[in-house]
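# Examination of the molecular architecture
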Amino acid sequence: MDPRRSWTAAWGRLLVAVAVIGLLAAACGTSTGSPAATSSAAPSPAASAEVTEAPRGDLVAGITSDADTLFPWKATQFQAVAILGTIYGTLTELDDKLNVVPGLAESWQSSDDGKILTFTLRAGVKFHDGKGFSSADVKFSLDKIREEATAAVAAASLGSIEEVQAPDPQTVVLKLKNADAAILASLASVNLAMLSRDDTEASLNTTPNGTGPFEFKTRTANESITLVANPDYWGDAPKLATVEFRIIPDETSIVAALQSGNVQLAVLDDPLVARSAAGNGITVTKTPQLAYHVLQLNARRAPLDNLNVRLAIACAIDRQQVLDTAALGEGEVTGPITSPAYRSDPSARPCPTRDVARAKALLAEAGYADGVTIKTIVSQGEYATSVNEAQNLQAQLKDAGITLELEVMEIGGYVDRWLAADFDAAVALNGGRPDPDTMYGRYFTSTGNLNKVAGYSSPELDQLFAAGKTTTDPAARKDIYAQISRNLEDNAVWVWTFSSYAYTATTAGVSGFIPMPNASLQYLRTTSVN
């Protein structure tokens, strides 16, 4: 089958399911006192139930890198985000179709003007250290995340909050500056996890303490992280007794561990490796991802502060060639927004196809007729295709007189450089979100907490993002985000290349795991091993 046809069909099915993504639950016109204002008709992925049997079975999951942090508010690395998502709880959650469903908040109501959002919390929830979870912890968490000194990576997602109130232990009231169509989806991110008011960043980086289905047990740096089932989890009891995340830097070695039975589950990036894994009792499931591959450009550094230099880079790249080289064509060329209901048109860019002649002319117009050199950082270890992508981009850009000077780094050093915006360009795989405001508001608004990393903002983008956040009509929002996408492309802010698949490999006897388009491992709580 043509991989592009397979990709389109897979996303088409998801698009139907996620067309609204639950954002209208926070829309204007719903009374705070109306029973009809409760959260979502869809059940939570872990509906509360009495524990009927003890967890059994131990699962080893192979991953390529150790988590670079255990503090959820600062996690950006894929492995860290995925692991922490099994330990910590959030007010809302996303189900396997990316619908917003109840999490630690069992329901919510919105005022008529959308500026007051009232959450009712689940009763009886406990942190892993045995302390009770209450509205005081929610207020502490949301207030702390919004403090600039915290440096939380998703702080911009809470920019609409004016005040957090905790009138009683089971009730939280958010007073908003304006209606916020994205806030319910935003609150489902582990970057906005609810922490105990008694904990600190230092303590949690040593001993995580959440409300999730699994508790932290042990960690051996660069070897493994082991979790155990939370006996007091508010939802259905996890079926696994333990989950060990075993660090195996090479995906080929992970496949060997699967084949020998030393590992029972792994999420692979490299399609060639995934093909080699299938068979002999190993099942491989591929899932289209919201994450996107991109060449990030730092427009605050010369020569990338010149629009024509950035446009030259964008015009000199055949994105399909990058996809074919790095991922065997398994995926789809993409524009900026991968959120299914708002997906960008990849042809709506200054050079929909590669145009080396135009790239050279743009360079000459910028004053770089003799060529230009761009220092570029590349991670090794977080995902399998990074170096192949970088080398293909390097070869293509050379034809236009653009030299990518590649610096390949281990993931820890790469993340540090990335967060500090210490690069001219960066070959990156960034996580997507079901709502485009959550996805990009933190990057491309002047007040976004990751705007330094993005390297670009403008008054026009500020206005568009503000409009998208406050507009609750899905059709109107779609038009706004189409304008945002075109603005990002016309200014060659970054060079978006493709979205791809994740390949979940499981051995015989593993059942109940549901791969997610956002790479979440939350359904380890429904997984069992026989």
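Just so we're clear, the structure is a prediction, and the values are computed from it rather than from any experiment.

### With respect to the overall build of the chain
- A count of helices and strands for the chain gives 16 helices and 20 strands.
- Buried positions account for 57% of the 530 residues belonging to the chain.
- Sequence separation of at least 24 residues holds for 73% of the intrachain contacts in the chain that already meet a minimum separation of 6.
- Accessible surface for the chain amounts to roughly 19,400 Å². Of this, 50% is attributable to carbon and sulfur atoms.

### Observations regarding the packing of helix α15 (residues 459-470) against helix α16 (residues 474-490)
- Packing of α15 against α16 leaves a shortest axis separation of 9 Å and a crossing angle of 155°. What the angle tells us is that α15 and α16 run roughly antiparallel. Regarding α15 and α16, the two cross each other, and that crossing is left-handed. Residues E460, L461, L464, F465, A467, G468 and K469 of α15 form the contact with α16, whose participating residues are R477, I480, Y481, Q483, I484, N487 and L488.
- Classifying every residue of the contact of α15 with α16 by side-chain character gives 8 nonpolar, 3 polar and 3 charged.

### Points about the environment of M439
- Mapped onto the elements of the fold, M439 is located in helix α13 (residues 436-444).
- What makes M439 buried here is its relative accessible area of 1%.
- Once the C-alpha coordinates of M439 and L290 are considered, the two residues, 149 residues apart in sequence, prove to be 9.9 Å apart.
- In this structure, M439 is in contact with L290, Y292, P336, I337, T338, S339, G432 and R433, ignoring residues within four places of it in sequence.

### Concerning the environment of S379
- Examined against the element boundaries, S379 turns out to sit in strand β15 (residues 372-380).
- S379 sits in the buried class, given a relative accessible area of 1%.
- Ignoring any residue separated from it by four or fewer positions in sequence, one finds S379 in contact with S386, M409, I411 and Y414.

### Details of the nonpolar core
- Core analysis: the biggest nonpolar cluster contains 69 residues, and L59, F119, L174, F245 and L524 have the highest contact counts within it.
- With 4 residues, the single largest contributor to this core is helix α2 (residues 78-84).
- Residue contacts for L174: discarding those within four places in its chain leaves K115, I116, L117, F119, L142, I161, E163, V164 and I183.
- Core analysis: the next-biggest nonpolar cluster, separate from the first, contains 37 residues, L297, L304, C315 and A390 among them.

### Brief notes about the side chain of T86
- Inspection of the secondary structure assignment puts T86 in the loop between α2 and β2 (92-94).
- Owing to a relative accessible area of 2%, T86 belongs among the buried residues under this scheme.
- A polar side-chain atom of T86 sits 2.7 Å from the main-chain carbonyl oxygen of I83.
- Contacts of T86, omitting those with residues within four sequence positions, involve G212, P213, F214, L227, L521 and L524.

### Section: the confidence of the model for the chain
- Summing up the model confidence of the chain, the mean pLDDT is 91 and the portion of residues at 70 or higher is 90%.
- With pLDDT under 50 throughout, residues 15-43 is counted as low confidence; its partners more than four residues away or in other chains account for 76 contacts.
- Taken as a whole, residues 45-51 scores under 50 in pLDDT and shows 22 contacts with residues more than four places along the chain or in a different chain.

### Some thoughts on the state of the cysteines
- By the definition in use, this model includes 1 disulfide.
- With a sulfur-sulfur separation of 2.0 Å, C315 is cross-linked through a disulfide to C351. Its torsion about the S-S bond being 80°, the disulfide of C315 and C351 is classed as right-handed. Pair noted here: C315 is in helix α8 (residues 307-315) and C351 is in the loop between β14 (331-333) and α10 (356-365), with a separation of 36 residues, a long-range link.

### Observations regarding the packing of α8 against α10
- Contact geometry for α8 and α10: axes closest at 8 Å, N-to-C directions at 165°. In terms of orientation, α8 and α10 fall into the roughly antiparallel class. Viewed along their axes, α8 and α10 form a crossing whose handedness is left-handed. In contact with N308, V309, L311, A312 and C315 of α8, α10 contributes V356, R358, A359, L362, L363 and E365.

### Side note on the packing of aromatic side chains
- In total, this model carries 17 aromatic pairs according to the counting rule given.
- Aromatic pair Y440 and Y443: ring centres 6.3 Å apart, planes at 55°, arrangement tilted. Linking Y440 with Y443, this pair stays in helix α13, spanning 3 residues, or about one helical turn. Both residues of the pair, Y440 and Y443, belong to the buried class.
- Measuring from ring centre to ring centre gives 5.3 Å for Y443 and W494, while their planes differ by 75°; the resulting arrangement is edge-to-face. Of the two residues, Y443 is situated in helix α13 and W494 in strand β18 (residues 494-506); the sequence distance between them amounts to 51 residues. The same class applies to Y443 as to W494, namely buried.
- Here the aromatic cluster, defined as three or more aromatic residues joined through ring pairs, consists of Y292, W418, Y440, Y443, F444, W494 and W496.
- The ring centre of Y501 lies 4.5 Å from the NZ or CZ of K286, which sits over that ring.

Rules of the game
For every chain, the first residue of the written sequence is number 1, and numbering continues from 1 onward in sequence order. Side-chain atom pairs in this predicted model are given and counted only at pLDDT of 80 or more, local residue features only at pLDDT of at least 70, and totals for whole chains, interfaces and linings cover all residues. Each side-chain value is worked out from all heavy atoms of the structure, with water and hydrogens disregarded. Here a helix means four or more residues in a row that DSSP labels H or I, a strand means two or more in a row labelled E, and each is numbered from the N terminus. Think of it in three bands: residues with accessible area under 20% of the maximum for their type are buried, residues over 50% are exposed, and the middle band is partly exposed, with areas taken using a 1.4 Å probe on protein chains only. By definition in these notes, contact holds between two residues if any of their heavy atoms fall within 4.5 Å. Throughout, the Shrake-Rupley method with a 1.4 Å probe supplies accessible areas, and for residues the shown protein chains are the sole cover considered. Note on definitions: angles span 0 to 180 degrees between N-to-C directions of axes, and those axes are lines fitted to C-alpha atoms, for helices only across the stretch in contact. Should an angle fall under 35 degrees it is called roughly parallel, over 145 degrees roughly antiparallel, and 65 to 115 degrees roughly perpendicular, with every other angle called oblique. Each crossing is labelled by how the near helix is turned from the far one, with a counterclockwise turn of less than a right angle marking it left-handed and a clockwise turn marking it right-handed. Each residue is assigned to one class: nonpolar for Ala, Val, Leu, Ile, Met, Phe, Trp, Tyr, Cys and Pro, charged for Asp, Glu, Lys and Arg, and polar for all the others, Gly among them. Take the buried Ala, Val, Leu, Ile, Met, Phe, Trp, Tyr and Cys residues and link them wherever side-chain atoms come within 4.5 Å; each set so joined is a nonpolar core. Polar contacts here mean pairs of N or O atoms no more than 3.5 Å apart (in protein, one a potential hydrogen donor and the other a potential acceptor; neighbouring residues in sequence count only if both atoms are side-chain atoms). For every residue, the predictor states its confidence as a pLDDT score lying anywhere from 0 to 100. When two cysteine sulfur atoms are found within 2.5 Å, that pair is recorded as a disulfide. What counts as a ring pair is set by centres within 6.5 Å for rings of Phe, Tyr and Trp (its six-membered ring), and what kind of pair is set by the plane angle: stacked under 30 degrees, edge-to-face over 60, tilted for all other angles. Either the NZ atom of lysine or the CZ atom of arginine qualifies as a charge over a ring when it sits within 6 Å of the ring centre and within 35 degrees of the ring normal.

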